[in-house]
Structure formats: C-alpha cells, structure tokens
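# Report on the structure
Read off the chains here:
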Amino acid sequence: MTQDNLTAKQNDYAVFLPAISGFYATFVGKQRRENYVDPARMPAGLQDMEMMNWLNSQHALFPYRWSLYSGGHANLDLTKDDASEDMVRKREPGTLMLGDSGGFQIAKGLWEGDWKANSGCAKAQSKREAVLKWLDGVSDYAMTLDIPTWVVHDKKASAACQITTHQEAVDATKYNNEYFMQHRKGVKNGGTRILNVLQGASHDEAEDWYQTMKHYCDPAQYPDTHFNGWAMGGQNMCDIQLILKRLVTLRYDNLLQEGVHDWMHFLGTSKLEWAVLLTVIQRAVRKHVNPAFTISFDCASPFLATANGQVYHQIDLPHEGKWSYRMSPIVDDKKYATDTRTYRDAILQDKLIHYFDESPISKLCQMKDICVYNPGDLNKNGKEGKTSWDSFSYALLMGHNVWMHIESVQRANREFDAGRYPYMMKHELDTGDGEYFQDIVERIFAAPDKQTAMDIIEDQKYSKKTGYWNQIIGTRGFKGEKTTNSRTLAKKLLDIQGTGVKLDKVKKEPLKPVLSSDLFDF
C-alpha cells in the first residue's frame, strides 16, 4: 500500500480539522470488533477499514494527525465501552483532537434545560458535568461551553435554551466558564487544554464579550487553572477586520504568550481562500509575537455534502480568481450496480462531469462499489428505495471528500507559496497598483506599538464600506463591518450548522453542482 502522507505535507500552514461525523466514526470503530461491513462488500484493495482512518499513521491511505470531534453527537459516558467511539477514544498517540463542547446542541434544544446562569436546572448541570469529563478524557484541546449569541435572534432557539438576550448568553457562558475552571482536570494531571470561545454578532457585542471573558486566559489571575488559548465564534470567525483587531489587542493584553496561549481555533470555516489567509496570519504572529502559535479551523462539509448526495470532484485554484473545491451529485443510478469500471473512469466516460480529482479511496472503487443496489433490490429495512447507495457507499464517499478537503487546503497553500493567489489576497488601488494581504498583515504586526497597528487596520482604504476588508468575504458571506448579516441569516444558520450527520433524515434530491464558496460554511 502506498500512502499519501498528508501529515508530512502539512508544513507551516494553518491546520484544517475535519469535523468527524459520528456516522463515519461508527464504521471505523465497529469494524474493529466485528464485520460491521461484510468483507465481500469492501472494494478490491480496501482490505481493512483502518485504511479509511486517517488517524492511524500505519494503515491509513492518507495519514493525517489532526481532527475535531463534537460532544454534541458523542457518547459522553466514558465509563461505558462504545465501539462506535473508538476512532476518537482509542486513537493513536501523537494525534491531536480538538473537542467541541456542544454549544450548538444547547441552542438547538437537543440538550434540554434552562441554561441561564444560576438557573439551578438539573438537566443543564448534568450535561455540564458530563461534557467537561468527556473533553478532559478524549481531547488535547477543547472549547468552553459557550452559548452562541445567534440564539437570541431566533425564537425557537431562545425557547429551547431559555436564553433570550445577548447579556443572558454572556452570563450563561461566564457561568459555564467558571464551572470549567473550577472542575477541569488540569493539563498537569493529563487533562485537556481549554480554549476560551469568543462570540458576538457585531463589533460591539464581540468587544463586550472579550472584555468579560478575557481574564479566564490570564495566568496572572489564575496561575494554575487559566484557559490555554482562543476559539473564534460569531463575528470573530468571519470578519477579517475584527480578527486583526482582536489579535492586536490580545498581543498587548499579554494573552498570546508562548507556552500559555499557543492555539487559536476558527469555528466552522470552509471557504478555501481562508486556508491561505489564516496561514498568513499564523506566520505573522509566529514571527512577531509567539513562535509556537498555531491557527486551526474546522468544518463538516465533507460529511454533510455526502449526506446531501454531493461528491467533491475538482480543486479549482485559478490565479487571481475564486479558489474553491467543486462538488456535484454526480451519480446515483441503479443501472451501475454491476459496472466494474473504476469510479473515475465511469464518471468521465459517461460524461457525468468533465473533471475528477481522484483520492486514494476513489482509486480503489469501482462504480458498483458506490451504486450498489440493482433495480428490485431491497435495502436493510426490507424495502426497495430510490437510491442505489447503501450506508457504506456514504462512508466511502465521505472518506473521499475528507481527503479532497485536506488536499485542497494544502494545495492552496502550496500554490500561494509558489506565488499564485486568490483574488481576495490582493487589494486593488484606484491608481491601478495594488498591495497584498500578507504585506498589510506584516505591517500590522511589525508596528512598534498598539496604536500604530490599530491605525493601519482602521485606515479608510481598508475599513470604509468600499474598502479592502469588505472585499474579503468570510464564513457565511459576512465581511468587514456588515454585521447585520449575523441577524438576518440567523435562522438559516440554525438549519445547517453543526457537525453531526444523520443519514436517515437526509432527503435525496437532485442538486446542482456548487462551488465551496457558494455554500454556507458548516
């Protein structure tokens, strides 16, 4: 077996974390205990499910040591053996897992209870205790149990968690932070490193949140229990102007210390150009502030796309253009159930699409390995369904999509280092000249003091409505100071945000080909 070692290819790029689906992890874990997938069902050349487990450096087709897993769809009881959790619980030493605490599940009402500070709700307290123990037990870094501020703009979400105002979200998160700080296992005792989540649906809300929460990362106030880094949510994760201002503030608040605050995570970021943008910021912070600093970002798009019948098929990186990974429904047809052509060859020969970037998994698949059901075949429920895919078809394509997403992130960074860049990395001036994002960022972090750095960020050629910051489109289409988008899109976010995939709830409908930049970022 020839491995495509994506860990070795990572270089000094911002780190993409696949947000592992519980559906996918179940295949990896249960196959260790039983023939969860009949060996006869496996594609030729795929002798072992561990070949699909990128956290297994010895057996994976594409080893990759970083991932995210959410407590929102995990079994939080670590005292009970659970094969479906083995990919995370029994992962290889040396891998890195970021644990998501499950704030989205609170907002959706999936974790029932009154989450207001000091509510005394037994259900909320039970979940609070369980998720902290789980994070301490399975993750290297973990996010605090924050209440996303977008819940206050959605009546259904507010009713589910009893959080109705921005201040209630702040107070509830502060209450959870206090609990985490008091009851965490502690890094010295083998516990997780905790990232202080920053939320806020506008610049003002984000500033208020930061000022309220920043002391939890202060080793001067909490020598032994302080939090260990930052996680950027809400407007903080998609607004480049706010991000740069926050980093400058953190620097001069002495909250980016080497060995203390070495990690910053950006929640739900899948826009491909941001893979390069975050690398630029990481390099600047390493050069001028903290040489150990790492930026990570996650999304569940490879899993959610598959659940909606979408397959990644092209990494598109035109110089000075829009960078994206392309996905399409491609093929779900029972006529292919006996087709022994390779998956790629069949797709291209039948002109279903015109280009297909092949992954280590897709190379091993024939068309019949994906389109399994013949006309008249019954599924596991004893019924004839409309789809030709079985559940393992989804798992195979999820693995393919994960490789494609990691490869697209790394390839984008390699292209950038070779002198090519997406359009948003260059600021075109009225004079016909231009300046590059990396040069602006370098000036900001090379500035002699905080005010000089802030003056650069606030320069009108960047900060005005037609300025450069508003040309950099962020997660969910947000950009610059156009923060009203946070409220107008809140309901849409509730429909797609999260990292779990439940295939029994997915509607298989024809979908048009899409670009990654046309999707909401998951």
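Going by the structure above, here's the rest.
To start, this report covers the structure provided alongside it.

A few words on the overall build of the protein. Looking only at helices and strands, the protein has 18 helices and 13 strands in total. For the protein, whose C-alpha radius of gyration is 23 Å, the value lies close to the compact-globule estimate of 24 Å for 522 residues. Overall, the C-alpha framework of the protein stretches about 70 × 60 × 45 Å when taken along its three principal axes. Counting only carbon and sulfur atoms, one obtains 47% of the accessible surface of the protein, whose full area is about 20700 Å². Across the protein, the mean location of the 63 positive side-chain charges is 3 Å away from that of the 67 negative side-chain charges.

Within this structure, the stated rule accounts for 28 salt bridges. The partner of Lys-90 in a salt bridge is Asp-81, with the nearest N and O atoms 3.9 Å apart. Residues Glu-442 and Lys-287 are paired through a salt bridge, measuring 3.2 Å at the closest nitrogen-oxygen approach. Taken together, the residues Glu-442 in helix α14 (residues 437–446) and Lys-287 in helix α9 (residues 273–288) connect sequence positions 155 residues apart.

This part is about unusual backbone geometry. Positive phi, close to 70°, is recorded for Gln-162, a residue that is not glycine. Tracing the backbone through its elements, the reader meets Gln-162 in the loop between α5 (155–161) and α6 (166–183). For Ile-330, which is not glycine, the phi torsion reads 60° and is therefore positive. As for its placement among the helices and strands, Ile-330 is situated in the loop between β10 (324–328) and α11 (343–349).

With respect to the helices, strands and loops of the structure, Met-425 is situated in the loop between α13 (391–417) and β11 (426–428). Judged by its relative accessible area of 0%, Met-425 is buried. In the structure, Met-425 is positioned 152 residues away from Glu-273 in sequence and 8.2 Å away in space, judged by C-alpha atoms.

Moving on, we come to the packing of α6 against helix α7 (residues 203–213). Following both chains from N to C, one finds α6 and α7 inclined at 25°, their axes separated by 11 Å at the closest point. The orientation of α6 with respect to α7, classified from their angle, is roughly parallel. In this structure, α6 crosses over α7, and the sense of that crossing is right-handed. On the side of α6, the interface is formed by His-166, Gln-167, Ala-169, Val-170, Thr-173, Lys-174 and Asn-177, while α7 contributes Glu-205, Asp-208, Trp-209, Thr-212 and Met-213. Each residue belonging to the contact of α6 with α7 can be placed in one class, and the counts come to four nonpolar, five polar and three charged.

The N-to-C vectors of α9 and α13 enclose an angle of 65°; their axes lie 9 Å apart at closest approach. In the packing of α9 onto α13, the handedness of the crossing is right-handed. Residue-level inspection shows Ala-275, Val-276, Thr-279, Val-280 and Arg-283 of α9 in contact with α13, the latter providing Val-409, Ala-412, Asn-413, Phe-416 and Asp-417. For the contact of α9 with α13, the per-class residue count stands at six nonpolar, two polar and two charged.

Our focus in this paragraph is the sheet that holds strand β5 (residues 193–198). Strands sit in the order β1-β8-β7-β6-β5-β4-β3-β2 across an open sheet of eight strands; the sheet is parallel. Single-partner strands in this sheet number two, and they are β1 (15–18) and β2 (66–70). With strand direction ignored, the average angle separating the axes of adjacent strands in the sheet is 25°. The pairing of strand β4 (residues 141–143) with β5 spans three bridges and is classified as parallel. Note that in β5 the partner of Tyr-141 across the bridge is Arg-193.

This part takes up the nonpolar core. One finds Trp-54, Ile-240, Ile-281, Tyr-343, Phe-392, Phe-437 and Trp-469 to be the most contacted residues of the largest nonpolar core, which totals 159 residues. No other element matches α13, which puts 13 residues into this core. For Tyr-343, the contacting residues outside a window of four places in its chain are Val-311, Ile-330, Val-331, Phe-356, Ser-362, Cys-365, Gln-366, Met-367, Ile-370 and Leu-397.

With that settled, the discussion passes to the packing of aromatic side chains. Pairs of aromatic rings are described using the distance from one ring centre to the other and the angle between the two planes. For the coordinates displayed, the defined rule picks out 20 aromatic pairs. For the ring pair Phe-16 and Phe-297, a centre distance of 5.7 Å and an interplane angle of 50° mean the geometry is tilted. Of the two residues, Phe-16 is situated in strand β1 and Phe-297 in strand β8 (residues 294–299); the sequence distance between them amounts to 281 residues. What makes Phe-16 buried here is its relative accessible area of 1%. Ring centres 5.2 Å apart and planes at 75° place the aromatic pair Phe-27 and Tyr-36 in the edge-to-face group. Judged by relative accessible area, which is 4%, Phe-27 ranks as buried. Assessed through its relative accessible area of 36%, Tyr-36 is described here as partly exposed. The ring of Tyr-210 has Arg-246 sitting right over it, with the charged end atom 4.3 Å from the ring centre.

Attention now goes to the layout of surface pockets. The space that makes up the second largest pocket amounts to roughly 340 Å³. What lines the second largest pocket is a set of 16 residues, and nearest its centre among them are Val-187, Lys-188, Asp-224, His-226 and Asn-228. Classifying every residue of the lining of the second largest pocket gives four nonpolar, six polar and six charged.

Every buried residue belonging to helix α15 (residues 450–458) is among Ala-453, Met-454, Ile-456 and Ile-457, and all of these are buried. The buried residues of α15 occupy an angular sector of 155° when projected down its axis, which confines them to one face. On its buried face, α15 sits against α8 (240–252), α14 and α16 (460–463). The backbone nitrogen of Gln-451 has a side-chain oxygen 3.3 Å away, supplied by the residue at the start of α15, namely Asp-449.

Looking at the secondary structure, you find Ser-67 in strand β2. Judged by relative accessible area, which is 0%, Ser-67 ranks as buried. If we skip the residues at most four places from it in the chain, Ser-67 touches Leu-17, Pro-18, Ile-20, Trp-54, Leu-55, Leu-96, Met-97 and Leu-98.

Side chains Gly-229 and Ala-231 of strand β6 (residues 229–232) all project onto a buried face; the interleaved residues Trp-230 and Met-232 project onto the opposite face, where all are buried too. For β5 and β6, the ladder comprises four bridges, and the chain directions are parallel. Across the sheet, the residue bridging to Leu-195 is Gly-229, located in β6. Note on the crossover from β5 through α7 to β6: the handedness is right-handed. Pairing between β6 and strand β7 (residues 263–266): four bridges, direction parallel. Paired with Met-232 across the strands is Phe-266, a residue of β7. You can see the chain leave β6, run along α8 and come back into β7, and the turn it takes is right-handed.

Conventions we followed
- Throughout, residues of each chain are indexed from 1 in the direction in which the sequence is written.
- Per-residue local features are limited, in this predicted model, to residues with pLDDT of at least 70; the limit for side-chain atom pairs, both in listing and counting, is 80 or more; totals at the level of whole chains, interfaces and linings are taken over all residues.
- Excluding hydrogens and water, the side-chain figures rest on all heavy atoms present in the structure.
- In this text, helices come from DSSP runs of H or I with a minimum length of four residues, and strands from runs of E with a minimum of two, each type numbered from the N-terminal end.
- C-alpha atoms define the radius of gyration in this analysis, and the globule rule sets the expected value at 2.2 Å times the number of residues to the power 0.38.
- For accessible areas, the Shrake-Rupley method is used with a probe of radius 1.4 Å. Any residue's cover is judged against the shown protein chains and nothing else.
- When charges are counted, Lys and Arg contribute as positive and Asp and Glu as negative, whereas His and the chain ends are disregarded.
- Charge positions are represented by NZ for Lys, CZ for Arg, CG for Asp and CD for Glu.
- The salt bridge criterion pairs a side-chain nitrogen of Lys or Arg with a carboxyl oxygen of Asp or Glu, the two atoms within 4 Å.
- Note on classification: 1.4 Å probe, protein chains only; a residue is buried when its accessible area is under 20% of the maximum for its type, exposed when over 50%, partly exposed between these limits.
- Angles shown run from 0 to 180 degrees and are taken between the N-to-C directions of axes, each axis being a line fitted to C-alpha atoms and, for helices, limited to the stretch in contact.
- Any angle between 65 and 115 degrees counts as roughly perpendicular, while under 35 counts as roughly parallel, over 145 as roughly antiparallel, and the rest as oblique.
- Helix crossings get a hand from a simple test, with the near helix turned counterclockwise from the far one by less than a right angle marking a left-handed crossing and a clockwise turn marking a right-handed one.
- Note on contacts: a residue pair qualifies if any of its non-hydrogen atoms lie within 4.5 Å across the two residues.
- When residues are sorted by character, Ala, Val, Leu, Ile, Met, Phe, Trp, Tyr, Cys and Pro go into the nonpolar class, Asp, Glu, Lys and Arg into the charged class, and all the rest, Gly among them, into the polar class.
- What makes two strands pair is DSSP finding at least two bridges between them.
- What makes a nonpolar core is a set of buried Ala, Val, Leu, Ile, Met, Phe, Trp, Tyr and Cys residues whose side-chain atoms join them at distances within 4.5 Å.
- Each Phe, Tyr or Trp ring (for Trp, its six-membered ring) is paired with any other whose centre lies within 6.5 Å, and the angle between the two planes then decides the class: stacked below 30 degrees, edge-to-face above 60, tilted in between.
- In this scheme, Lys NZ or Arg CZ marks a charge over a ring once it lies within 6 Å of the ring centre and within 35 degrees of the ring normal.
- Grid points spaced at 1 Å and placed over the protein atoms alone form the basis of the search, with a cavity being a set where a 1.4 Å probe fits but cannot get out and a pocket an open set showing protein on both sides within 12 Å along at least five of seven lines. Lining residues have an atom within 4 Å of a point.
- Grid points are joined across faces, edges and corners, and a volume is the space filled by probe spheres set on the points.
- Think of the arc as the fan of directions from the helix axis to the C-beta atoms.
- Any pair of N or O atoms that falls within 3.5 Å is considered a polar contact. Within protein, one atom must be able to donate a hydrogen and the other to accept it, and sequence-neighbouring residues count only if both atoms are side-chain atoms.
- Call a crossover right-handed when, viewed with both strands pointing away from you, the route from the first strand across the helix to the second goes clockwise.

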